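Fold and geometry: a report
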Amino acid sequence: MAVQNDKVKATGFVVGLFPRGGAPSQEGITARKLYDETGEARVIQAASVTEDAAMPMQIAVDYYCDPDRALVSNYRNEVALMYREKWQEYDSMLVAPKHSLPLCMIHGKQSFAVESGMAFYDSVATSSENKSLHWINSLPHTDFYDNPDAIKEIGGILSGHFHAHL
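For clarity, every value in this text was computed on a predicted model and none was experimentally measured.

1. Section: unusual backbone geometry
Residues other than glycine seldom take positive phi values, yet Val15 does so here, at roughly 35°. With respect to the secondary-structure elements, Val15 resides in the loop between strand E1 (11-14) and helix H1 (26-38).

Laid out in structure tokens, this is it:
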């Protein structure tokens, strides 16, 4: 974890997901046990609105299933089901009070997990003079991955942050 690594002197988060934690997924536990016993990894779709998927949203399908964006030759639109065992119980808010490093958070009003991102930002131990929040308002979440204008803007913000704190 970066906040426990003495080599890390500053952090930057771009449209991060900040899960709040919950009960472990029984299907994730079962899938991991199957893998441990047999080496077989049960998979589901990474993005789909018609079958069980890690991201059951049209915006994810539009990105991950588009050959001009994420669906490149070496990408398979699938994920090991055992991810759900730990993902569903992970609570990012447990890290927030331990985070005292300079922080730059970049988010978008149309991005995923805006509320949990703001809760994390508000809860970090970083002093107010060492943390900054930047909104990029007009883009859907997946445009932060490959939109050249967004990447240029984000790169400039992060560059300034890291130059100031490293």
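2. Examining the layout of surface pockets
Taken as a whole, the largest pocket encloses approximately 360 Å³ of empty space. In terms of lining, the largest pocket is formed by 18 residues, of which the most central are Leu17, Ala54, Met55, Met57 and Trp87. Within the residue set of the lining of the largest pocket, elements represented by two or more residues are strand E3 (53-55) and helix H3 (83-87). Among the elements that line the lining of the largest pocket, the one with the most residues is H3, at 3 residues. Split by residue class, the lining of the largest pocket holds 14 nonpolar, 3 polar and 1 charged. In this structure, the second largest pocket occupies an estimated 210 Å³ of space. Phe13, Phe18, Tyr90, Val95 and Phe120 are the residues nearest the centre of the second largest pocket, which is lined by 14 residues in total. Within the lining of the second largest pocket, the residues separate by chemical class into 10 nonpolar, 4 polar and no charged.

3. Some remarks on the sheet that holds E1
Judged by pairing direction, the sheet is parallel, and its 3 strands sit side by side in the order E1-E5-E6 without closing on themselves. In this open sheet, the two strands that pair with only one neighbour each are E1 and strand E6 (131-135). Neighbour-to-neighbour, the strand axes of the sheet open up by a mean angle of 10°, direction not taken into account. Bridge count between strand E5 (residues 103-107) and E6: 5 bridges; the pairing is parallel. Paired with Cys104 across the bridge in E6 is Ser132. Docked against the sheet, helix H4 (residues 114-123) engages E1, E5 and E6, running at close to 165° with respect to E5. Each of E1, E5 and E6 touches helix H6 (residues 148-165); the most contacted strand, E5, lies at about 170° to it.

4. Considering the pattern of salt bridges
Using the criterion set out here, one finds 8 salt bridges in the structure. With a closest N to O distance of 2.4 Å, Glu27 and Arg84 form a salt bridge. Taken together, the residues span a long stretch of sequence, with Glu27 in helix H1 and Arg84 in helix H3 at a distance of 57 residues. The class of Glu27 is partly exposed, set by a relative accessible area of 36%. We classify Arg84 as buried; its relative accessible area is 7%. As a salt-bridge pair, Glu78 and Arg76 come within 2.8 Å of each other at their nearest N and O atoms. The structure contains a network of salt bridges with shared partners spanning Glu27, Asp52 and Arg84.

Definitions and limits used
Residues numbered from 1 in each chain as written. Predicted model: local features only at pLDDT ≥ 70, side-chain atom pairs only at ≥ 80, totals over all residues. Heavy atoms only, no water. Helix = DSSP H or I, 4+ residues; strand = E, 2+ residues; numbered from the N terminus. 1 Å grid on protein atoms, 1.4 Å probe; cavity = no way out; pocket = protein on both sides within 12 Å on 5 of 7 lines; lining within 4 Å. Points joined across faces, edges and corners; volume = space filled by probe spheres on them. Nonpolar A, V, L, I, M, F, W, Y, C, P; charged D, E, K, R; others polar. Pairing = 2+ DSSP bridges. Axes fitted to C-alpha atoms, helices over the stretch in contact; angles between N-to-C directions. Contact = heavy atoms within 4.5 Å. Salt bridge = Lys/Arg side-chain N within 4 Å of Asp/Glu carboxyl O. Buried < 20%, exposed > 50% of the residue type's maximum accessible area, 1.4 Å probe, protein only.

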